[in-house]
Amino acid sequence: MIKNICCIGAGYVGGPTMAVIAQKCPHIKVTVVDLNEERINSWNSEDENELPVYEPGLAAVVKEARGRNLFFSTAVDQAIDDAEMIFISVNTPTKTYGVGKGMAADLKYIELCARQIARVAKSDKIVVEKSTLPVRTASAIKDILTNTGNGVQFQILSNPEFLAEGTAVADLFQPDRVLIGGDTTPEGQKAIQALVDIYANWVPQDKILTTNVWSSELSKLTANAFLAQRVSSINAMSELCEQTGADVNEVAKAIGLDSRIGPKFLKASVGFGGSCFQKDILNLVYIAKSYGLHEVADYWEQVIIMNDHQKRRFAKNIIKTLYNTVSGKKIAFLGWAFKKDTNDTRESAAIYIANDLISEQASIAVFDPKVEEKQILKDLNALETRSAETNQKGIQTFQNSYDACEKAHAIAVLTEWDEFKTYDWQKIYDNMLKPAFIFDGRNLLDKNKLEEIGFVYQAIGS
Ligand code: UDX
Ligand code: ADP
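Keep in mind it's a predicted model, so treat the numbers as computed, not measured.

So, how was this worked out
Residues numbered from 1 in each chain as written. Chains lettered and ligands numbered in written order. Predicted model: local features only at pLDDT ≥ 70, side-chain atom pairs only at ≥ 80, totals over all residues. Heavy atoms only, no water. Helix = DSSP H or I, 4+ residues; strand = E, 2+ residues; numbered from the N terminus. Near = heavy atom within 4 Å. Polar contact = N/O pair within 3.5 Å; in protein donor to acceptor, adjacent residues only side chain to side chain. Areas by Shrake-Rupley, 256 points an atom, 1.4 Å probe, with all protein chains shown as cover. Pairing = 2+ DSSP bridges. Axes fitted to C-alpha atoms, helices over the stretch in contact; angles between N-to-C directions. Contact = heavy atoms within 4.5 Å. Salt bridge = Lys/Arg side-chain N within 4 Å of Asp/Glu carboxyl O. Buried < 20%, exposed > 50% of the residue type's maximum accessible area, 1.4 Å probe, protein only. UniProt positions renumbered as here; feature names shortened; annotations may be inferred. Nonpolar A, V, L, I, M, F, W, Y, C, P; charged D, E, K, R; others polar.

**Some remarks on unusual backbone geometry**
No. 1: At the junction of Lys434 and Pro435, the peptide bond is cis and its omega measures out at -5° in the coordinates.
No. 2: Position of Pro435 among the secondary structure elements: in the loop between α17 (425–430) and β13 (437–440).
No. 3: In this structure, Asn324 takes a positive phi of about 65° despite not being glycine.
No. 4: Position of Asn324 among the secondary structure elements: in the loop between α12 (294–321) and β9 (330–334).

Below, the structure written as structure tokens:
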């Protein structure tokens, strides 16, 4: 039985996943390590607002297990040495250089981890890939590990994480399924069983699926591609709805009642974001191309093309509606995170909308309940559209929405935070310039009520 686990990478996946394993398995020592000292310090902070990842319910889980059998540390070698099972949960961004630039996953962090494990390990280990990875990464990790020549035996498992941010804790407590891929050899099966036994502490056996490594790796990419495709599909219909007088919410409801289609993931929006969807589809496209499967590659690439279009046309519509110029106009952004209940901003639509509007010399005023100014500027600067100074001039953050919206020409709702629905919209209206516009990129607010107050209200897909 496994008694000591280590997880390399204390991010949005590694942190919450290990906290839940530790909470559910008090008999297992779980150590989460990261090179980033600031991150580890934040995980160890007594102030729950300081945790590096915001997730509803997470602080309580961390509090219960931390110091008991959950530890956060920068001592990577020590943790590897002590553990019988090592999860790799480091970032795998899209490559920004060389072959496969903009498409393939950058596996340098994974490879560095594998080499570190190979260097440090003195006893047999089960290595679990938790990060979403291109198919056949397990085999690369295995190559590196088995060629160390120190006699240590490694088993590589693929155990993709399906949690969604904002609902991570609930998803981890009650997963739809847990997927574990491993070798078909007796040693491989034994390693799979060791991981099954951990999850079986709280997940019903019939929800724990075991497959070969390749199926497991590809299932993760496929699940994300299908989910993203649903969003792009409904977003494509939203543009058609705007032309024809149909209402995309009504269409979504009507098709969602078909049990073969189902009601989830049919919410038209300003475009999907997050660290996974775009990256995983690009990955899929790259893999398909590398096998010469151009039709397959083009098919999936269209999901991203549609998403880019949805973001672009949202920004264009703001400019057009504000009499073809936003130069010098204050536009308030409600929300910067890529979805509600997270402080994660990776690939958030807000970044791209802000970028387009700043290019038109608009002045952006942002309020997000969980995202700080430092992050917002970092996101914009990463696009390298203009100098950091110019970005700084083009965007300002506020501690509340009322201040952000004061004297604004328009409001853009970019994240579906619940609190936006509870505002005193009359008060916001009174303090805006007239006509006062709302561009609701999440179809979140009450159109009738806002129009009664006097707003010019525009939603997606109606
Ligand atoms: C996703 C997968 O859901 C999860 O299983 C996987 O492990 C990681 O990637 P995540 O990116 O955290 O999770 O959030 P998700 O809820 O999938 O939302 C992704 C994006 O799609 C968000 O920007 C969200 O606002 C958008 N979205 C989602 C829509 O625009 N409409 C919808 O109907 C659903
Ligand atoms: P995810 O959303 O997949 O969890 P994050 O970027 O939030 O991704 O987290 C990945 C973490 O992995 C980062 O905190 C990063 O510092 C850490 N990391 C990357 N490479 C290594 C490494 N070789 N050793 C330890 N930690 C690493």
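This is not the end of the story, as more comes after the structure.
**What about the site of ligand 2?**
No. 1: Inspection of the region around ligand 2 gives 15 residues, with Tyr12, Val13, Asp34, Arg39 and Arg346 positioned closest.
No. 2: In the model, an oxygen atom of ligand 2 is placed 3.1 Å from a nitrogen or oxygen of the Tyr12 main chain.
No. 3: Between ligand 2 and the protein, one listed contact pairs an oxygen atom with a side-chain N or O atom of Asp34 at 2.6 Å.
No. 4: Expressed as a share of its isolated accessible area of 580 Å², the protein-covered part of ligand 2 is 88%.

**Comments concerning the sheet that holds strand β11 (residues 395–397)**
No. 1: A sheet is described by the order of its strands in space; here six strands give the open sequence β11-β10-β9-β12-β13-β14, paired in parallel fashion. On the outer flanks of this sheet lie β11 and β14 (456–459), each paired with one strand and no other. Going from strand to strand, the sheet's axes swing by 20° on average, the running direction of each strand aside.
No. 2: Pairing of β9 with strand β12 (residues 410–413) involves four bridges; the strand directions are parallel. Along β12, the bridge assignment pairs Ala332 with Ile411.
No. 3: Packing against the sheet, α12 makes contact with β9, β12, β13 and β14, and its axis sits at approximately 165° to β13.
No. 4: Across the sheet, helix α14 (residues 373–382) is in contact with β10 (363–367) and β11; its angle to β11 comes to roughly 155°.

**Structural notes on the pattern of salt bridges**
Two side chains that carry opposite charge are able to pair once their charged atoms sit near each other.
No. 1: Counted under the stated rule, the structure contains 19 salt bridges.
No. 2: The salt bridge involving Glu165 is made with Arg346; its shortest N-O contact spans 3.8 Å. Taken together, the positions of Glu165 in the loop between β6 (154–158) and α7 (168–173) and Arg346 in the loop between β9 and α13 (349–359) put the pair 181 residues apart, joining distant regions of the chain.
No. 3: Taking the relative accessible area as the measure of exposure, Glu165 reaches 10% and is therefore buried.
No. 4: With a shortest N-O distance of 4.0 Å, Glu239 and Arg313 are connected by a salt bridge.

**Quick word on helix α1 (residues 14–24)**
No. 1: Counting buried residues in α1 gives 10 out of 11 residues, a clear majority hidden from the surface.
No. 2: Residues of α1 that are buried include every one of Gly14, Gly15, Pro16, Thr17, Met18, Ala19, Val20, Ile21, Ala22 and Gln23, and no others.

**A look at the UniProt feature "domain: UDP-glucose/GDP-mannose dehydrogenase C-terminal" (unreviewed entry) in the chain**
No. 1: The UniProt entry lists residues 332–447 under the feature "domain: UDP-glucose/GDP-mannose dehydrogenase C-terminal" (unreviewed entry), expressed in the numbering used here.
No. 2: The distance from the first to the last C-alpha atom of residues 332–447 is 18 Å, and the span holds 34% helix and 16% strand.

**Details of the site of ligand 1**
No. 1: Taken together, 20 residues surround ligand 1, and among them Phe162, Glu165, Ser269, Lys339 and Arg442 come closest.
No. 2: Between ligand 1 and Ser269, the relevant distance is 2.6 Å, taken from an oxygen atom to a side-chain nitrogen or oxygen of the residue.
No. 3: Phe338 is positioned such that a nitrogen or oxygen atom in its backbone is 2.8 Å from an oxygen atom of ligand 1.
No. 4: Tallied by class, residues from the shell around ligand 1 come to 11 nonpolar, three polar and six charged.

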